[in-house]
Amino acid sequence: QVDGELRAACQLSDKIRGESSTAVRDLRSLGVKVVMLTGDAEETAQAVAAQAGIEKVVAGVKPKEKLAAIEEMARRNTVGMMGDGVNDGPALAAADVGIAMGVQGTAMASQAAGIVFMSNDLRWLADAVRGSRHTSRTLVVSFATSILFKLAPLVLMFFPTAGDYLLVAAVASDVAGILFVLLAALHLLRMKPKFWTGPCSNNEGQVAEG
């Protein structure tokens, strides 16, 4: 104010990362519900969430309250927690999957988390979820197929004329099971990012690894 009159005004606001809204949309396409836990004020948190497309916001929470919120959600669903600050440490450790942002995150967050992202690009998170699901399905299929191969010699035991072939069948089932598991594992190496399509403007020059 100058001479009792307002002559100038300044407004400060948080600016979200360029890929945040895209990352949230990608996670939703995978059926992942996104919840924002923050120590910021309600008004600030709601403004940021609106820009990012996050529907549920829990604002003004302290580290203990973040921890309690994660523990409550973990009782009903599988919960993944992403954070990079000291205040996120307890919640990261309590989540089913703790994910720390390793490029600019704190050492405590990295130690508490089970996964450390060596990139600040949030779009890698959806690719990580997609990759983990695909890996889990591959493991289940590989295990089930190996068991089926193992059952072949047992089935042959009920045929009187199959005695001469039991040893061959047992060896063949072992080899077939091992080959199937190896081929399935090699197939995982061919996975390509689906949601990360290249650095966005505020991530250029950073390491892009998930």
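Predicted, not measured: the structure shown is a model, and the values here were computed from it. (Residues numbered from 1 in each chain as written. Predicted model: local features only at pLDDT ≥ 70, side-chain atom pairs only at ≥ 80, totals over all residues. Heavy atoms only, no water.)

Draft legend 1. Representation of the packing of helix α1 (residues 20-29) against helix α6 (residues 123-156) within the structure. For the pair α1 and α6, interaxial distance at closest approach is 7 Å and the crossing angle is 20°. It follows that α1 is roughly parallel to α6 by the angle criterion. In this structure, the crossing between α1 and α6 has a hand that is left-handed. Along the contact surface, α1 presents T22, A23, D26 and L27, while α6 presents R123, L125, A126 and V129. (Axes fitted to C-alpha atoms, helices over the stretch in contact; angles between N-to-C directions. Helix = DSSP H or I, 4+ residues; strand = E, 2+ residues; numbered from the N terminus. Parallel < 35°, antiparallel > 145°, perpendicular 65-115°, else oblique. Left-handed = near helix turned anticlockwise from the far one by under 90°. Contact = heavy atoms within 4.5 Å.)

Draft legend 2. Examining the pairing of strand β3 (residues 80-83) more closely. Side chains M81 and G83 of β3 all project onto a buried face; the interleaved residues G80 and M82 project onto a face where none is buried. With four bridges connecting them, β3 and strand β4 (residues 97-101) associate as parallel partners. Across the sheet, residue M81 finds its bridge partner in β4, namely G98. What joins β3 to β4 is helix α4 (residues 89-94), and the crossover it makes is right-handed. (Buried < 20%, exposed > 50% of the residue type's maximum accessible area, 1.4 Å probe, protein only. Pairing = 2+ DSSP bridges. Right-handed = clockwise from strand over helix to strand, strands pointing away.)

Draft legend 3. Molecular detail of the nonpolar core. In terms of nonpolar packing, the biggest core is built from 12 residues, these being L37, A69, I70, M73, V79, M81, A91, L92, A95, A100, A109 and A113. Secondary structure elements with two or more residues in this core: α3 (63-74) and α4. For this core, the element with the most residues is α3, which contributes three residues. Formed by 11 residues, the second largest nonpolar core is a distinct cluster that contains L27, F117, A126 and W196. (Core = buried A, V, L, I, M, F, W, Y, C linked by side-chain atoms within 4.5 Å.)

Draft legend 4. The environment of G39, seen in detail. Position of G39 relative to the elements: it lies in the loop between β1 (35-37) and α2 (42-52). Taking the C-alpha atoms as reference, G39 lies 41 Å from R190; in sequence the two are 151 residues apart. Excluding anything up to four places from it in sequence, G39 contacts G60, V61 and K66.

Draft legend 5. The arrangement of the pairing of β4 in detail. β4 sits mainly inside the fold: four of its five residues count as buried. As paired elements, β4 and strand β5 (residues 115-117) share three bridges and run parallel to each other. Each bridged residue has a counterpart across the sheet, and for I99 the counterpart in β5 is I115.

Draft legend 6. Geometry of the confidence of the model for the chain. Scored by pLDDT, the chain has a mean of 85; 90% of the residues are at 70 or more. Taken together, the stretch residues 203-210 has pLDDT below 50 and engages in 16 contacts with residues farther than four places along the chain or on a different chain. (pLDDT = per-residue confidence, 0-100.)

Draft legend 7. Seen up close, the sheet that holds β4. Overall, parallel pairing links the three strands, which are arranged β3-β4-β5 in an open sheet. Two strands lie at the open edges of the sheet, namely β3 and β5, each paired on one side alone. Strand-to-strand twist across the sheet, computed as the mean angle between neighbouring axes with direction ignored, equals 20°.

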